[in-house]
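Results of the structural survey
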Amino acid sequence: MPWDRNQMAERAAKELDDGMYVNLGIGIPTLVANYVGDKDITLQSENGMLGMGPFPIEGEEDPDLINAGKQTITELARTSYFDSAASFGMIRGGKIAAAILGAMEVSEKGDLANWMIPGKLVKGMGGAMDLVAGVGRVIVVMDHTSKHGESKVLKECTLPLTGKGVVDLIITNLCVLDVTHNGLHIVELADGVTREEVIAATEAKLV
Amino acid sequence: MKKVYGTAAEALDGLLHDGMLIAAGGFGLCGIPELLLQAIRDAGTKDLTFASNNAGVDDFGIGILLQTKQVKKMISSYVGENAEFMRQYLSGELELEFNPQGTLAERMRAGGCGIPGFYTKTGVGTIIAEGKEHKDFDGETYILERGIVADLSIVKAWKADDTGNLVFRKTARNFNPPAAMCGRICVVEVEEIVPRGALDPDSIHLPGIYVHRIVQGDHEKRIEQRTVRKKEEA
């Protein structure tokens, strides 16, 4: 059985170590926060916050307290606030240990495309280009194939890039792929998924 | 010199001209200078270029200046959530320059600090890097990005004293300090003006040297995505 969204998030959480400062993207990456367990993880929200807490209890929403997805959130005892230039200073400066992000396509060289489909509505890259260029480790969490069954793990990305050679690890519904200098290496398979099934669903070369 | 003005319109008097570049603070609808934007709409200033992370929604924030077609160009990192923006952009009425979010913030900060350009890894190997100077430092490739100096900055803070020392609240700080820094003139709207000495000098987020005019007003502070959890989960 391929992993579902929550199982992918749970697997991604295993990549996080005690004491890490981490940035989680929108979608499945947001769910990773539910699986960090006892690990002391500080979540960054790139609009200017370290120590992001859960959604507020109904009635306690604060318009001055939102995450990068513009959702209302809460603060924790450890929380600090800062401006956007300082926020991206810590991202660009490599102080954030890891970013977990969604993707449209990833190449075997670690190129990432997740912000633009030519001919379709372009909303912008937000902070994604800064994150993938700056943080210590970039972990992509995404379905292995598109809705039409086409591989999202490619020899070369076809979409405009968010970053070149930036992805370190790919977690899909089928497997975990390590991006190495020699190419993509299968480090784990979802329960009941075979190596042959992964190879069949992958356009990129697996080593 | 008196920095406190009675209304947003008075605070902007004599500062607006067609074709100007305005840097605006805010992230989404959080911490946006909503009163100054309304005053710019009422003033009818045209052909504006805005350096602002987002473009508001249809009826709030910069969106209200799109409805009146006062905006010529946006320099932003993300412009979803705004149907009128998309209509004007797709029909060619509105120019759009995408900047990565951190690059935009640093362009403002640098511009305000007298730094005309800086090198960054962000965007190397992407369409953002096209036409920009590339330079290697210690075996890594960087691109040159320019500092922004705006004709006018409009920002929102929580509290100010009458000398313009500012305190922001929670994530409403966001782009406000860098936007304030990069303007030749900076106008700030606040929820409360407090007497000199009421703010702890060690807790001031932006010193009054960056602030030229201040106006106090009532803010709607609209929430873009109201997300909550049930009490029993707490």
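For clarity, every value in this text was computed on a predicted model and none was experimentally measured.

Taken in spatial order, the three strands line up as S7-S6-S9 (chain A) in an open sheet, and their pairing is mixed. Bordering the open sheet on either side are strand S7 (112-113) and strand S9 (153-154) of chain A, each of which pairs with just one other strand.

Let us look at the environment of B:Ala83. Mapped onto the secondary structure, B:Ala83 falls in helix H4 (residues 83-90). Taking the C-alpha atoms as reference points, B:Ala83 and B:Val167, separated by 84 residues in sequence, lie 33 Å from one another.

Another aspect to go through is a nonpolar patch on the surface. A cluster of nonpolar residues, A:Leu121, B:Tyr89 and B:Leu90, forms a patch on the protein surface that exposes about 300 Å² of accessible area. For B:Leu90, the position within the fold is in helix H4.

Another point: the interface of chain A and chain B. In this complex, chain A contributes 45 residues to the contact, which on the side of chain B involves 49 residues. Of the roughly 4200 Å² buried between chain A and chain B on both sides combined, carbon and sulfur atoms contribute 61%. On the chain A side of the interface with chain B, the three residues burying the most area are A:Asp64, A:Lys70 and A:Lys123, jointly 19% of the side's total. Between chain A and chain B we count six salt bridges in total. Here A:Asp64 ties to B:Lys221 by a salt bridge, and the two come within 2.7 Å at their closest N and O atoms. At the level of secondary structure, the elements contributing two or more residues to the side of chain A that touches chain B comprise strand S4 (75-81), helix H3 (84-92) and helix H4 (128-134) of chain A.

Moving on: helix H2 (residues 34-43) of chain B. Those residues of H2(B) not exposed but buried are B:Glu34, B:Leu35, B:Leu36, B:Leu37, B:Ala39 and B:Ile40. Just downstream of H2(B) lies B:Gly44, where phi reads positive at about 75°.

Residue and element names in this part refer to chain B. Look at lysine 69: it is not a glycine, yet its phi comes out positive at around 55°. Positive phi values are uncommon outside glycine, yet lysine 221 reaches one of about 50°. Within the secondary structure, lysine 221 is located in the segment after strand S12 (213-216).

Here we come to the packing of aromatic side chains. Evaluated as defined, the whole model comprises four aromatic pairs over all chains. Between the aromatic rings of A:Trp115 and B:Phe98, the centroid separation amounts to 5.9 Å while the plane-to-plane angle is 90°, which identifies the pairing as edge-to-face. Residue A:Trp115 is located in the loop between S7 and H4, and its partner B:Phe98 is located in strand S5 (residues 95-98); the two belong to separate chains. The exposure class of A:Trp115 is buried, given its relative accessible area of 8%. Judged by centre distance (5.5 Å) and plane angle (85°), the rings of B:Phe137 and B:Tyr142 are edge-to-face.

Let us look at the nonpolar core. Core analysis: the largest hydrophobic core is formed by 59 residues, its most contacted members being A:Leu16, A:Leu112, A:Val167 and A:Ile170. Not counting residues up to four positions away in its chain, the partners in contact with A:Val167 are A:Val106, A:Gly110, A:Asp111, A:Leu112, A:Val138, A:Val140 and A:Val179. Core analysis: the second largest hydrophobic core is formed by 39 residues, B:Ala11, B:Leu48, B:Phe85 and B:Ile143 among them.

Bringing the confidence of the model for chain B into the picture now. Taken residue by residue, chain B gives an average pLDDT of 96. The fraction at 70 or more is 99%. Across the assembled chains, the prediction reports ipTM 0.97 with pTM 0.97.

In this section: the pairing of strand S11 (residues 175-180) of chain A. Look at any regular strand and the pattern is simple: side chains alternate between the two faces of the sheet. Residues and elements named next belong to chain A. Across three bridges, the pairing between strand S10 (residues 169-171) and S11 is antiparallel. Bridge assignment links leucine 169 to a residue of S11, and that residue is aspartate 178. Here S10 hands over to S11 after three residues, the two strands then running antiparallel side by side. Strand direction decides the pairing type here: S11 and strand S12 (residues 183-189), joined by six bridges, are antiparallel. Bridging from a neighbouring strand, valine 179 pairs with leucine 184 of S12. Following S11, the chain reverses through two residues before pairing antiparallel with S12.

Moving on, we come to helix H1 (residues 5-13) of chain A. Residue and element names in this part refer to chain A. Among all positions in H1, only Met8, Ala9, Arg11, Ala12 and Ala13 are buried. Each element contacted by the buried residues of H1 is listed here: helix H2 (28-31), strand S5 (98-101), strand S8 (137-141), S10, S11 and S12. The N-cap residue of H1 is aspartate 4: its side-chain oxygen and the backbone nitrogen of asparagine 6 are 3.1 Å apart.

Rules used throughout
- Residues numbered from 1 in each chain as written.
- Chains lettered and ligands numbered in written order.
- Predicted model: local features only at pLDDT ≥ 70, side-chain atom pairs only at ≥ 80, totals over all residues.
- Heavy atoms only, no water.
- Pairing = 2+ DSSP bridges.
- Helix = DSSP H or I, 4+ residues; strand = E, 2+ residues; numbered from the N terminus.
- Patch = residues over 30% accessible without salt bridge, like charges linked within 9 Å, V, L, I, M, F, W, Y side chains within 5 Å.
- Areas by Shrake-Rupley, 256 points an atom, 1.4 Å probe, with all protein chains shown as cover.
- Salt bridge = Lys/Arg side-chain N within 4 Å of Asp/Glu carboxyl O.
- Contact = heavy atoms within 4.5 Å.
- Buried area = accessible area lost by both parts, 1.4 Å probe.
- Buried < 20%, exposed > 50% of the residue type's maximum accessible area, 1.4 Å probe, protein only.
- Phe/Tyr/Trp six-rings, centres within 6.5 Å; stacked < 30°, edge-to-face > 60°.
- Core = buried A, V, L, I, M, F, W, Y, C linked by side-chain atoms within 4.5 Å.
- pLDDT = per-residue confidence, 0-100.
- Polar contact = N/O pair within 3.5 Å; in protein donor to acceptor, adjacent residues only side chain to side chain.

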